[in-house]
Structure formats: structure tokens, C-alpha cells
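Summary of the model geometry
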Amino acid sequence: DHIETVADALLTADTVVALTGAGMSTASGIPSFRGDDGIWRTQFDPDDFDIRRLDADPAGFWRDRLDLHEAMFAANPEPNAAHDALAALERTGVLDTVVTQNTDGLHAAAGTESLLELHGNAHRVVCRSCGHRSDAADARQRVRDGEVPPRCSDCGGVLKPDVVLFGEMLPRETLQAARRLARDSDVFLAIGSSLTVEPAASLPGLAAGGGMLVLVNLDETPYSGRADVDLRADVTDVLPRLVDTVERQ
Ligand code: OAD
Ligand code: ZN
């Protein structure tokens, strides 16, 4: 079956890269953005979280951001079976790097070591003036206490969640590294992502040139037509089965 095909490819490939998205973490209780019940569909307007909003209305941005954070992290999310499976594939030596669009930190919590967080990490904030990074929990508490926008303890600059906001570029080195990995991959797994947000969305296209492209996603994606394997399935079902199959061979 398809799982066997992918397991065989993983075992013979030199370079294997996984690109993950919000679908990785729905089983941990974090809603996706564009899937069923996606928060951009039901609860929030992405325009409110644009870098231009932070420039124009930092206090309003931070009040909305607190609501967004609480909606995403209400469940006190922990890594799920899909995160554990990718960490296991790395330990087995078949998976080289996880490139994630998620800002929830769950891949690192599951033990994945070679990790590129393309969109940053929501558990940190960064000062817009001096670049100092610190814990986001403290900044959020200050927003709750009415200190909006929260400011840098070093220089007084406005803080920003340490994530890539709409209207911002990805850090250059991170994006270059991700593109290089995609081009070099013999197997590229795109997991739990709608593959609609650039520039991450173009990575599977770089991989499909030479290597095998595998999709694991509940819904169709723009790459469904050209993928070598298109598994419309739950990540918490497919990935543990893939680990079992790889470990049996
Ligand atoms: P999306 O919400 O766009 O896509 C998540 C995909 O996961 C959807 O196609 C769902 O069908 C699928 N899905 C949900 N649960 C699943 C499950 N258990 N198993 C398999 N598939 C499942 O999320 P991303 O593609 O990650 O940007 O979105 C990309 C970026 O857009 C995010 O990083 C975020 C957002 O705006 C920033 O935070 C900068
Ligand atoms: Zn500062």
C-alpha cells in the first residue's frame, strides 16, 4: 500500500525533509487556520495581525493578539502522536530535518532536533528597536494588566510576537536553508498544511523536480495533482503507521 511505498522510499533516500503546518497540531487542540473550524474562517480576521496593524495601532494589535493566542493555546497543547512520529523518524535516522510553519513549539517539545521554524515561535517576543528576545508569557501578562503595547525591558521599544506576521518577510537565511533542503531532498513530505501561504507553499515545487513528493493532509492541496503519493488522511493515523513500517524493515 501507500505507507509501504513511502517507507521504502525513506529507507533508500539520502535526504528526507518534512514540511509541516497547522494540521500537525489540531490533535493537540490547536485549531488550524483554513481547515474545518479554521480560525481565519470562523473567529479572526488575518488583517488584524498584519505588520501594518502593529505599526498603526500597536495597542489594538496586542489586545487582539492576546485573544488569538488564548484561542490557539487554550487547551495547553502537548505534542501528539504525529509530532512523536516525526521525532522517532529522526532518531531512526531516516528523517533529516523538519521545516515547520507552526509557531507552537510542539516539534521541539516532542524531541525533533533538526528543526527550522519558518514562521518563528509564539512563545517568544522580540523588541522592534533592539532585537532583544524574551518570554511571551510575561508580555501577555502585561497586556492583561493594561500595559499596551508591552515594551522592551532593555530599551523601551515596542515588542512584537517573535513570529512572521502577514506583510513581513521570512528571515533570509531561514528561507534559503529551507529552499536548499527542499531542492536536495530525495523524499519531501508535506504534512498537515494547506500549502497556500508563500513562500512556504513553493517548497514542495522545488522538491518535486528531483525527489518524491508525498502529501499527508485531510483536504486537497494545490499539489494534489502532481504529488507521487497523496494521502488524504489524519496525520496522527498515517505518521505512527509509517514509523511502524519503517522500523519493521
Ligand atoms: P492551514 O490551516 O492553512 O492548513 C491546515 C491543513 O491541515 C488543512 O488543509 C486541513 O485540512 C489539514 N488538517 C487539519 N487537521 C488535520 C489532521 N489531523 N490530519 C491531517 N490534516 C489535517 O495551515 P497552514 O498550511 O499551516 O502563518 O497555514 C500556513 C500559515 O498560514 C500558518 O503558518 C500561519 C497561517 O496564517 C503564520 O502564522 C505566519
Ligand atoms: Zn529593546
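Anyway, here's the lowdown on the structure attached to this text. (Residues numbered from 1 in each chain as written. Chains lettered and ligands numbered in written order. Predicted model: local features only at pLDDT ≥ 70, side-chain atom pairs only at ≥ 80, totals over all residues. Heavy atoms only, no water.)

Among the secondary structure elements, D228 is positioned in the loop between β8 (212–216) and β9 (229–231). Each C-alpha atom, one on D228 and one on L19, is 16 Å from the other, the two residues being 209 residues apart in sequence. A polar contact is formed between the side chain of D228 and the backbone nitrogen of L213, at a distance of 2.7 Å. (Helix = DSSP H or I, 4+ residues; strand = E, 2+ residues; numbered from the N terminus. Polar contact = N/O pair within 3.5 Å; in protein donor to acceptor, adjacent residues only side chain to side chain.)

With that out of the way, let us pick up the sheet that holds strand β4 (residues 120–127). Pairing within the open sheet is antiparallel, and its 3 strands lie in the order β5-β4-β6. A single partner strand is all that each edge strand has here, and the edge strands are β5 (133–135) and β6 (159–163). Strand-to-strand twist of the sheet, defined as the mean angle between neighbouring strand axes without regard to direction, takes the value 45 degrees. Here β4 pairs with β6 via 4 bridges, running antiparallel. Residue pairing for β6: C127 is matched across the bridge by L159. With respect to the sheet, helix α4 (residues 58–73) is in contact with β4 and β6, its orientation differing from that of β6 by roughly 35 degrees. Running at roughly 70 degrees to β4, helix α7 (residues 136–144) makes contact with β4, β5 and β6 of the sheet. (Pairing = 2+ DSSP bridges. Axes fitted to C-alpha atoms, helices over the stretch in contact; angles between N-to-C directions. Contact = heavy atoms within 4.5 Å.)

The next point concerns the sheet that holds strand β7 (residues 187–191). Strand order in the open sheet formed by 6 strands is β3-β2-β1-β7-β8-β9, with parallel pairing between adjacent strands. Each having just a single partner strand, β3 (115–117) and β9 make up the two edges of the open sheet. On average, each strand axis in the sheet is tilted by 15 degrees relative to the strand beside it, whichever way the strands run. Relative to β8, β7 runs parallel, the two being bridged by 5 bridges. Note that in β8 the partner of I191 across the bridge is V216. Each of β1 (16–20), β2 (97–100), β3 and β7 touches helix α8 (residues 172–184); the most contacted strand, β3, lies at about 130 degrees to it.

With that out of the way, let us pick up the pattern of salt bridges. A complete count under the given rule lists 14 salt bridges for this structure. In this structure, R142 and D138 form a salt bridge, with 3.2 Å as the shortest nitrogen-oxygen distance. Here R142 and its partner D138 are both found in helix α7, 4 residues apart, which amounts to about one turn of the helix. By relative accessible area, R142 is classed as buried at 18%. Here the salt bridges share partners, and the residues they tie into one network are D48, R53, D57 and D64. (Salt bridge = Lys/Arg side-chain N within 4 Å of Asp/Glu carboxyl O. Buried < 20%, exposed > 50% of the residue type's maximum accessible area, 1.4 Å probe, protein only.)

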